[in-house]
Structure formats: C-alpha cells, structure tokens
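Analysis of the macromolecular model
Take a look at the letters that make up each chain.
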Amino acid sequence: MDGSIVPEDSVADGERAKVDLLIRAGRGRTGGSTGLDLAVQRARYQGRRVKPLDGDLRSRTLSSLYPAKDDEGRPIPDGASSPATDELPDIKAWLSAEFDSMVEERVSRVLDLSGGDRVMQEYVRDLALMNFCRDFGIDPTVAVFLGPDMEDFRHAIQLLRSSEFRCDRTMIVLNEGVIRHGQTTSGAFEPILGHPDFEAIVRDGARPVFLRRLTCMATLRERGLGFYDVLAGKPDKAGAKASPTLFHMTKTWIETFEREHEKARVDQWLP
Amino acid sequence: MNNVSPAPAALFRKKRLKPYRGRGEIYSWLRAHHREIAARLASGEASWTTLCGEMVRHGLTGRRGESPAPKAAPKVWQRVCRDLEEVTAAALPKQRKPPSKVSRDWRPQLALPAPQSSPGPTDLDKPYDPLERIAEIRREVKARSGQKE
C-alpha cells in the first residue's frame, strides 16, 4: 500500500542538487534585504543559482536589484518574484507557488518578508514548512537581522521562542551597517550581547554572526555595482571600474564576512 | 503507512576550485573539502564510492578525462594529506637539536611562557562553543569601537 506522505516522483532523484531556503526574519530596517542580496551575489559568484523572493512590497529592494524582466519585457532568468498584492491570501498563494517551483526546479531561494513575520508564522504553521523542507530535501535557514534597537531584539526573541520558527539552522545577524550616526558599535550591540535572553537562544543553538559595516555600500549601489562585481573587476553603468580603494574596502569586507561565517560555522548554511 | 524517505542531498557544496601546479581537478576538490572529507571518512558517513559519486555530480574528471574511481581517488587523497602536512610542518618552528648535539655549557633558561606565535589548532579546528562565539563577537565589537578588553 502506498500511503506515503511524500510523492515518490519528488524524492526519487538521487542526482538532485543541494537546495537551500534562506528566510529573512525579524523586523524591517535591520538590513535584512541587503543581507539577502549579499547571499544571492555570493552564491552566483560561486556558480550556484538562487532566486530571490521579494515579499517586502514596501521597499521592493530585491525586486529592484533583481528585476524579473529586462527593459524590453523579456524575462530575466532567476529574477525576483513577488506577490500580486500584500494581502495575506495573495502572499500565501505566492509562497505556495514559489515553494512548488523550488521543489521542481531544485533551485535555492532567499525569502524577504520584511516585517511579515505574522504572515510567515501563519504560513509556516499551515504548511508545517520545516517538515515540508525535510521531506523534499530542502535545507531551510532562518536569518534574524538585528540593529541597535532593543525593541527589535525583544521581537526577535519572541519570534525565536515561537514553535513556528523553530529551525535547526538559525542565524542572528548583528548588523553594524544599520547602527545610528554617532553611536558606537559597542554602544549598539553590547546591551544585546550581554542580555541573558541572547545567551539563552545562542545556547539553544542559534548562531550569532557579526556583519561589519561597508562604508562604501551607498557608492556601490549608486554606481550599480554588486559586491562581487567589484571583486571581478566589472565596470559600473558608466563603464568605469571600481577604484583601488573601493576594491580594497569591498574585498576586505567580503573576506571578513567569509571568516566570520566560518567561525560561526554557518558558511555552509548560505545558498 | 509506507513513508518514502528522501534521497540523500548532495554532500558537499560546490566551491570555486583553486588550481595546483601539476595536479588535477580531483586533487583540488579533495583539498578544498579536506576538513569535511576527513571528518566524514573518520565517522564512516562517507565512503570512496559516495565521494566519487559526489565528484561526478560536481562535474570532475581526472587529468585524462576519466571519471573519479573509488580505487584511484584514495591515492590522490593521500597526496593531499601529505601536502597539507608539509604545509603545516613548514609553519611549525624548526626542530630542536637532539640532546647529544647540545653544548655542555647549556643551561635551561628560567621558565618562560610558551611563545604566543606558535601555530596551534586554528579556531575552526576547535569544537563550536556558543559562549566563546559570543565572547568573540564582543571582542570584535569592542575593537570596532576603539575599546580595549
């Protein structure tokens, strides 16, 4: 009798590639979209396909960075996808369609639902997302981005303690890039790092990662240069390559990012 | 109920392989994944058959275009291990003279702390310690703020 929960054809292919689902969680304005952008660029630079899912319809960061169509309306492979509206049923239908494609295509996804934790919590509960991923050979990772705001931290703690967001692979990204002008890095993050709840969730398995500020990030964005474009010596929209200082800053930042992720033993969690 | 268990996911992530003079793709791949392979072989999680399957999945071939084979791959692996040992040994301080070669006038110095620069196990060789991870970030955060520990 075939009473299997998992359709056979979806799991029979032993040659399938490793597929990751990186879910950005936590409140907005904490640099999560930029973090996902970095993960996409890194994967593509290293020769892996990733499709961005942009559920943040207010900022639409991933959609603008990875448009789905070119100027002439032709589809761009692995361009960002987004829901039709920010209504809950539309977001859920969009997530279902994207997760179905992810299983069929065996292409990793990064999911940005800025401030959409409630949607995600509901959806995760409805689908039993973590079990879904396990059954279809997808490795999910939840990345919670934090800035200096203690409210964001309290929200993140609540989220991580909820049963819906329990994930074996959880990263807490302390993002120096979003600390306020005039605030020191220590002043921003010491209250979080010394908080007993932070220690508790880290002891419980969440992996903390410190993401340094890249001071030239705004310049790169203005010039339409990706982080790895700079490394590869690609020219910007105007045909100019990054200057040696820009190159050095970006290279150092990426190297530090890699080292930090290796130290936290999460480098293999990225798509 | 007959649950169908999913087929195993790929063991290793694709990495940009560094070329080594006089060595092929298989050597580069084994060297790039050295730590994980050593751990998986030691724990019995991987065999040379599965590793060769993984190499095929990554599109690797030998220097004459042949597929990675479970008989030949361990030899390349031995070479990788030997080369890495040499790299490590080159970084170690030179061996001391044997006692028979030491001058009779030699006297031990007062006990000094071990040199800090001697290469020990790297952070990545140590088991993951969550509290040490927090301490590491705190050190980094303080350093970024121009504060001393």
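Since the structure is predicted, the reported quantities are computational estimates derived from the model, not experimental observations.

1. Brief notes about the overall build of chain A
Looking only at helices and strands, chain A has 11 helices and six strands in total. With 271 residues in all, chain A has 54% of them scored as buried. Contacts spanning at least 24 positions in sequence make up 74% of the contacts within chain A whose residues lie at least 6 apart. For chain A, the accessible surface area stands at approximately 12200 Å², while carbon and sulfur atoms represent 50% of it.

2. Comments concerning the pattern of salt bridges
Residues and elements named next belong to chain A. Counting across every chain of the model gives 34 salt bridges over all chains. Notably, a salt bridge pairs Glu258 with Arg42, separated by 2.7 Å at the nearest N-O pair. Linking Glu258 in helix α11 (residues 244-263) with Arg42 in helix α1 (residues 32-45), this pair joins segments that are 216 residues apart in sequence. Glu151 is the salt-bridge partner of Arg154, the closest N and O atoms lying 3.2 Å from each other. On the criterion of helical spacing, the pair formed by Arg154 and Glu151 is a turn pair, its members being three residues apart in helix α6 (residues 150-161). The partly exposed category is assigned to Arg154, whose relative accessible area is 45%. Given a relative accessible area of 39%, Glu151 falls into the partly exposed group.

3. Considerations on the nonpolar core
Residue and element names in this part refer to chain A. With 48 residues, the main nonpolar core has Phe99 and Leu111 as its most contacted residues. Residues in contact with Phe99, not counting those within four places in the same chain, are Leu21, Leu53, Leu111, Tyr123, Leu127, Leu129 and Phe132. In this structure, Val40, Val50, Phe145 and Phe257 belong to the second largest nonpolar core, which totals 34 residues.

4. Description of unusual backbone geometry
For Asp78 of chain A, which is not glycine, the phi torsion reads 55° and is therefore positive. Assignment of secondary structure puts Asp78 of chain A in the loop between α2 (61-65) and α3 (88-105).

5. A word on the environment of Trp48 of chain B
Residue and element names in this part refer to chain B. Structurally, Trp48 can be placed in helix α3 (residues 48-57). For Trp48, a relative accessible area of 16% translates into the label buried. As a C-alpha pair, Trp48 and Pro70 span 22 residues in sequence and 5.0 Å in three-dimensional space. When residues no more than four places from it in sequence are discounted, the contact partners of Trp48 are Leu30, Leu41, Met55, Pro70, Ala73, Pro74 and Trp77.

6. Looking at the state of the cysteines
All names here are of chain A. Inspection of every chain in the model, using the stated rule, returns zero disulfides over all chains. Free cysteine Cys133: the closest other cysteine sulfur is in Cys167, separated by 7.9 Å. For Cys133, a relative accessible area of 0% puts it in the buried group.

7. Concerning the sheet that holds strand β1 (residues 19-25) of chain A
All names here are of chain A. Judged by pairing direction, the sheet is parallel, and its six strands sit side by side in the order β2-β3-β1-β4-β5-β6 without closing on themselves. In this open sheet, the two edge strands, each paired with only one partner strand, are β2 (50-54) and β6 (207-211). For this sheet, the mean inter-axis angle between neighbouring strands, taken without regard to orientation, is 20°. In this structure, β1 lies alongside strand β4 (residues 138-146), joined through seven bridges in parallel fashion. The residue of β4 that forms the bridge with Asp20 is Asp139. Contacts from helix α7 (residues 185-193) reach β4, β5 (170-175) and β6, with the element oriented near 150° to β5. Along the sheet face, α11 touches β5 and β6 and points at about 170° away from the line of β6.

How each quantity is defined
- Residues numbered from 1 in each chain as written.
- Chains lettered and ligands numbered in written order.
- Predicted model: local features only at pLDDT ≥ 70, side-chain atom pairs only at ≥ 80, totals over all residues.
- Heavy atoms only, no water.
- Helix = DSSP H or I, 4+ residues; strand = E, 2+ residues; numbered from the N terminus.
- Buried < 20%, exposed > 50% of the residue type's maximum accessible area, 1.4 Å probe, protein only.
- Contact = heavy atoms within 4.5 Å.
- Areas by Shrake-Rupley, 256 points an atom, 1.4 Å probe, with all protein chains shown as cover.
- Salt bridge = Lys/Arg side-chain N within 4 Å of Asp/Glu carboxyl O.
- Core = buried A, V, L, I, M, F, W, Y, C linked by side-chain atoms within 4.5 Å.
- Disulfide = S-S within 2.5 Å.
- Pairing = 2+ DSSP bridges.
- Axes fitted to C-alpha atoms, helices over the stretch in contact; angles between N-to-C directions.

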